[in-house]
Amino acid sequence: MPFQTSAVLASWAALFVYLELSGRWSEFLAARVAWIVPVAAVLFGVAALGQAAVALWGGRSVVTWSGASLCAAGVLPVLLVMAVPIDPLSSFAADRRSAYSSATFASVAPPKHGESLTFQQLVAASASAETRAALADRAGEAVELVGLVTAPDGEGFLLTRFVVACCVVDATVAQVEVRPAATGPLEENAWVRVSGRLALGSDGVPRLDDASVEAADRPDPPYLYPGG
Amino acid sequence: MTAQQVAEPPGETARRSRGARPAWVPLVVVLTLVAVLRAVDVPAVGWLNNFLLVYVGLLVEAVPFVLLGAAAAAAIEVYVSPEAFGRLARAPRPVQVAVASCGGLVLPVCECGSVPVARRLLLRGLTPAAAITFMLAAPIVNPVVILSTWFAFRGRTSEGLMVGGRVALGLTIAVVTGLVMARALQRSPVAGIRDAVGHEHEHGATGNRPRLFAEHTGAEFLGMMKYMLIGAGVAAALQTFIPQRSIDTVAGATLLAIPAMMAFAFVLSLCSESDALFIASFVQFSPAAQLAFLAFGPMADTKLSAMYVGALGPAHARRLIVTVTVTTLVLCLWLQAALVVL
């Protein structure tokens, strides 16, 4: 069944071309493995052509039930990406994933004076005494972050990003507590830009107080990367 | 007999002749499923969105490596002469196993690629101990994985232990499992593999090599893809419905932490090139428990289990996973005790 095999391989080649051209690879993969996408597009394209050549040389072949089932199943993931709207990781995953820890990545450097604070530096404070000490010196400073609204309650919400090392399968959760200046309805899973004042809890874990919250576009890429 | 016929399951010809099930039906079923999913607001259904995202994400990352593994397996079949394998197969078994255990250094395949390559090595007459050892060791004992493990743990006091321990555990578990599986495979060889050996040698001798290479790549890819699709589906379901955070509850329990980490690795089905970056954040677990995750995951997980069934058959796949599990557990518990004493 070289013809059907060729069709499956060609569909995967088309998927990788689509992911590369649309930039949607960043919804599934981390930047460090983004090279997979163009390489796979070429590999699958060549393999599809090879199978097509075999099909032409080999003459007519019978399409079997099991062969057709396998080919249909092989094409299904391609159709899911290209035809079904699927969002990046959201609050459902935030409730279930492990928490990101700065200890994972020694390259998350503590904040230096004059530099803007990053999402990961704030989250790193929960695991790094050095980072907590550096943040304590900057308490009261204005900080701006973009993230997803999760776990909203009367007092505030958790601003959430996912940290992806390789693909969405290994994503961990990074969250910063936000206490808005004005209370109002906040939609869970909405992307927002938060500008607030850095405050430290009794345990040294940072949060943003008196924060203004406004709707924001989903960043591209939607995930953070280790050390970045 | 052609490569396509090898991939065709027994009884298929009889079913085809009866003409009971039209071959276009599966495609219609898939298109209907996609149409239904388009009609549903997937992002609004948290579990469904998460399941589909993880399922597709896992496949987008892994399937290119399955194709590479299939191409490597096909190249071994078509371009490496039977005489070369004959010479290799005549070498003493310890030499074959030792060479196979370090095969990943020259052929750095991840676990998705090592299964078809090992299957092909078995078909070409390499001793089963060596083929299984290669399959299990290559995803750990290869430069990319060693570097990523070092990157994940660099700067910590356990850096050397994690990198060296992972390689040492990977080699030991692979060799022990290879030797145990060799006995089983000699006692009851996989039927499909035996049948294929004879006919494929004929191809290698007389066929048009580029065409045979393409045929074998396609057949090998589709053969492995079937199990990859099933394994990815199970892994995505487990990731969706089992909260990862539940693992934290056993971190302090020494005896439970190691099996819990192994179960965690089995469920998550991470690639061996990224699993160190993930598990390094679990600082509440001991190094021995983290090593259990790093050694066990690339040898036994949800998607691999499905691929083992496809490559070796259910009985051998079960035996392999049990052997890997017991060996990893014993070695990591011993390591835990040794670290406490030291």
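Computed from a prediction, not measured in an experiment: that's the story for all the values here. (Residues numbered from 1 in each chain as written. Chains lettered and ligands numbered in written order. Predicted model: local features only at pLDDT ≥ 70, side-chain atom pairs only at ≥ 80, totals over all residues. Heavy atoms only, no water.)

A.B. asks: Quick question: what am I supposed to make of the overall build of chain A here?
C.D. replies: In terms of regular secondary structure, chain A is built from six helices and five strands. Ordered by position from the N terminus, the helices and strands of chain A form the series α-α-α-α-α-α-β-β-β-β-β. Computed over its C-alpha atoms, the radius of gyration of chain A comes to 23 Å, more than 25% above the 17 Å expected for a compact globule of 228 residues. With the C-alpha coordinates of chain A rotated into their principal frame, the extents come out at 75 × 35 × 25 Å. Looking at chain A as a whole, 54% of its 228 residues are labelled buried. (Helix = DSSP H or I, 4+ residues; strand = E, 2+ residues; numbered from the N terminus. Rg over C-alpha atoms; globule rule 2.2 N^0.38 Å. Buried < 20%, exposed > 50% of the residue type's maximum accessible area, 1.4 Å probe, protein only.)

A.B. asks: Looking at this structure, how should I read empty space enclosed by the protein?
C.D. replies: Rolled over the atoms, a probe as big as a water molecule pinpoints where empty space is left. Evaluated as defined, the whole model comprises four cavities of 30 Å³ or more. Approximately 70 Å³ is the volume found for the largest cavity. If you go around the largest cavity, the residues you meet are C167 and V169 of chain A together with L58, E61, A62, F65, C110, C112, S269, L270, C271 and K303 of chain B. Of the residues belonging to the lining of the largest cavity, the class tally is nine nonpolar, one polar and two charged. (1 Å grid on protein atoms, 1.4 Å probe; cavity = no way out; pocket = protein on both sides within 12 Å on 5 of 7 lines; lining within 4 Å. Points joined across faces, edges and corners; volume = space filled by probe spheres on them. Nonpolar A, V, L, I, M, F, W, Y, C, P; charged D, E, K, R; others polar.)

A.B. asks: Help me out: how do you make sense of the pairing of strand β5 (residues 206-215) of chain A in this one?
C.D. replies: Taken residue by residue, a regular strand's side chains alternate between the two faces of the sheet. Residue and element names in this part refer to chain A. Note: strand β3 (residues 172-180) against β5, three bridges, orientation parallel. Residue V178 lies in a different strand from β5, and its bridge partner there is L208. Pairing analysis gives eight bridges linking strand β4 (residues 191-200) to β5, with the strands arranged antiparallel. Its bridge partner lying in β5, S195 is registered against S212. (Pairing = 2+ DSSP bridges.)

A.B. asks: Help me understand helix α3 (residues 65-83) of chain A, please; the structure alone is not making it clear to me.
C.D. replies: In an α-helix, one full turn covers 3.6 residues, which means residues spaced three or four apart are oriented alike. All names here are of chain A. Compared with an ideal rise of 1.5 Å per residue, which puts 19 residues at 27 Å, α3 spans 25 Å between its outermost C-alpha atoms and is within 8% of the ideal. At L76, α3 shows its strongest bend, of approximately 30°, with the proline P77 following within four residues. Among the residues of α3, the N-terminal cap falls to T64, whose side-chain oxygen and the backbone nitrogen of G67 are separated by 2.9 Å. (Expected span 1.5 Å × (residues − 1). Bend = angle between axes of the 7 residues up to and from the residue. Polar contact = N/O pair within 3.5 Å; in protein donor to acceptor, adjacent residues only side chain to side chain.)

A.B. asks: How should I be thinking about the sheet that holds strand β1 (residues 142-150) of chain A in this particular structure?
C.D. replies: One key point about sheets: their strands pair by backbone hydrogen bonds, in either a parallel or an antiparallel sense. Read around the closed barrel, five strands run β1-β2-β3-β5-β4 (chain A), paired in mixed fashion. Within this sheet the neighbouring strands show an average axis-to-axis angle of 55°, counted without direction. (Axes fitted to C-alpha atoms, helices over the stretch in contact; angles between N-to-C directions.)

A.B. asks: Just checking my understanding: could you explain the packing of helix α6 (residues 93-101) of chain B against helix α9 (residues 128-137) of chain B for this structure?
C.D. replies: When two helices pack together, their arrangement is given by the angle between their axes and by how far apart the axes lie. Residue and element names in this part refer to chain B. Two elements in contact, α6 and α9, have axes separated by 8 Å at closest approach and are oriented at 15°. With respect to α9, the axis of α6 lies roughly parallel. Crossing angle aside, the handedness with which α6 passes α9 is right-handed. The residues of α9 that touch α6, namely those facing R93, Q96, V97, A100 and S101, are A129, A130, T133, F134 and A137. In terms of residue class, the contact of α6 with α9 is made up of six nonpolar, three polar and one charged. (Parallel < 35°, antiparallel > 145°, perpendicular 65-115°, else oblique. Left-handed = near helix turned anticlockwise from the far one by under 90°. Contact = heavy atoms within 4.5 Å.)

A.B. asks: Can you walk me through the confidence of the model for chain A in this structure?
C.D. replies: Per-residue pLDDT for chain A averages 87, and the proportion of residues at 70 or more is 93%. For chain A, helix α6 (residues 129-136) of chain A is the element with the lowest average pLDDT, namely 80, and helix α1 (residues 2-22) of chain A is the one with the highest, namely 95. (pLDDT = per-residue confidence, 0-100.)

A.B. asks: Would you take a moment to explain the interface of chain A and chain B for this structure?
C.D. replies: Note: interface size is frequently given as the accessible area lost on complex formation between the parts. Contacts between chain A and chain B engage 73 residues on the former and 66 residues on the latter. Summed over both partners, the interface of chain A with chain B comes to about 5,900 Å²; 74% of that surface belongs to carbon and sulfur atoms. Three residues, W65, F92 and V169 of chain A, lead the burial of chain A against chain B; their summed loss comes to 12% of the area buried on that side. Linking chain A with chain B are zero salt bridges. Taken together, chain A and chain B are joined by six residue pairs in polar contact (both at pLDDT 80 or more). Counting residues per element, the ones that place at least two in the side of chain A that touches chain B are α1, α2 (36-58), α3, α4 (91-94) and β3 of chain A. Considering every element that reaches the side of chain A that touches chain B, the biggest residue donor is α3 of chain A, with 15 residues. Here the residues of the side of chain A that touches chain B are counted per class, giving 52 nonpolar, 14 polar and seven charged. (Buried area = accessible area lost by both parts, 1.4 Å probe. Salt bridge = Lys/Arg side-chain N within 4 Å of Asp/Glu carboxyl O.)

A.B. asks: Is there a simple way to explain a nonpolar patch on the surface in this structure?
C.D. replies: On the surface, a cluster of nonpolar side chains totalling about 320 Å² of accessible area is made up of W47, F241 and I242 of chain B. As for its position among the elements, W47 of chain B is in helix α4 (residues 46-79). (Patch = residues over 30% accessible without salt bridge, like charges linked within 9 Å, V, L, I, M, F, W, Y side chains within 5 Å. Areas by Shrake-Rupley, 256 points an atom, 1.4 Å probe, with all protein chains shown as cover.)

A.B. asks: Can you walk me through the pattern of salt bridges in this structure?
C.D. replies: Any two side chains of opposite charge can pair if their charged atoms end up close together. All names here are of chain B. With the rule as written, the count across this model stands at 15 salt bridges over all chains. Note that R124 is salt-bridged to E77, the shortest N-O span being 3.8 Å. Here the residue R124 occupies a position in the loop between α8 (111-123) and α9, and E77 occupies one in helix α4, the gap between them amounting to 47 residues. Salt-bridge contacts for R119 lead to E220; the nearest nitrogen and oxygen are separated by 2.9 Å.

A.B. asks: Help me out: how do you make sense of α9 of chain B in this one?
C.D. replies: Most of α9 of chain B sits inside the fold, with 10 of its 10 residues counted as buried. Packed against the buried residues of α9 of chain B are α6, α7 (103-106), α8, α11 (159-187), α17 (302-312) and α18 (314-341) of chain B.

A.B. asks: Is there a simple way to think about the packing of α4 of chain B against helix α13 (residues 209-241) of chain B in this case?
C.D. replies: Residue and element names in this part refer to chain B. Interaxial distance between α4 and α13 falls to 7 Å at its minimum, and their mutual angle equals 155°. It follows from the interaxial angle that α4 and α13 lie roughly antiparallel. In terms of crossing hand, the pair formed by α4 and α13 is right-handed.

A.B. asks: Any chance you could explain the nonpolar core here in plain terms?
C.D. replies: Soluble globular proteins: nonpolar side chains tend toward being buried together. Counting residues in hydrophobic clusters, the biggest one holds 151 residues, and the most contacted among them are W12 and F44 of chain A together with F221, F293 and L320 of chain B. A per-element tally of this core places α4 of chain B first, with 16 residues. Residues from two domains meet in this core; each of domain 1 (2-83) and domain 2 (91-215) of chain A gives at least three. Beyond its immediate chain neighbours, meaning those up to four positions away, F44 of chain A contacts L9, W12, A13 and F16 of chain A together with V63, P64, L67 and F221 of chain B. (Core = buried A, V, L, I, M, F, W, Y, C linked by side-chain atoms within 4.5 Å. Domains from an automatic or database assignment.)

A.B. asks: Can you help me understand the packing of aromatic side chains in this one?
C.D. replies: Think of a pair of aromatic rings as described by two things: how far the centres are apart, and how the planes are tilted against each other in angle. Counted under the stated rule, the structure contains nine aromatic pairs over all chains. Each ring, one from F51 of chain B and one from Y55 of chain B, has its centre 6.0 Å from the other, and the planes form 5°; the classification is stacked. One end of the pair, F51 of chain B, and the other, Y55 of chain B, are both in helix α4, four residues apart, so they sit about a helical turn from each other. In this structure, R96 of chain A is placed above the aromatic ring of F92 of chain A, and the distance from its NZ or CZ to the ring centre is 3.7 Å. (Phe/Tyr/Trp six-rings, centres within 6.5 Å; stacked < 30°, edge-to-face > 60°. Lys NZ or Arg CZ within 6 Å of the ring centre and 35° of its normal.)

A.B. asks: Would you mind showing me how to read the domain arrangement of chain A here?
C.D. replies: All names here are of chain A. Each assigned domain of chain A is listed here: domain 1 (2-83) and domain 2 (91-215). Computed over C-alpha atoms, the centres of domain 1 and domain 2 are 39 Å apart. Facing the six residues of domain 1 at the interface are five residues of domain 2. Buried area between domain 1 and domain 2, both sides added, is near 390 Å², and the carbon and sulfur share of it is 55%.

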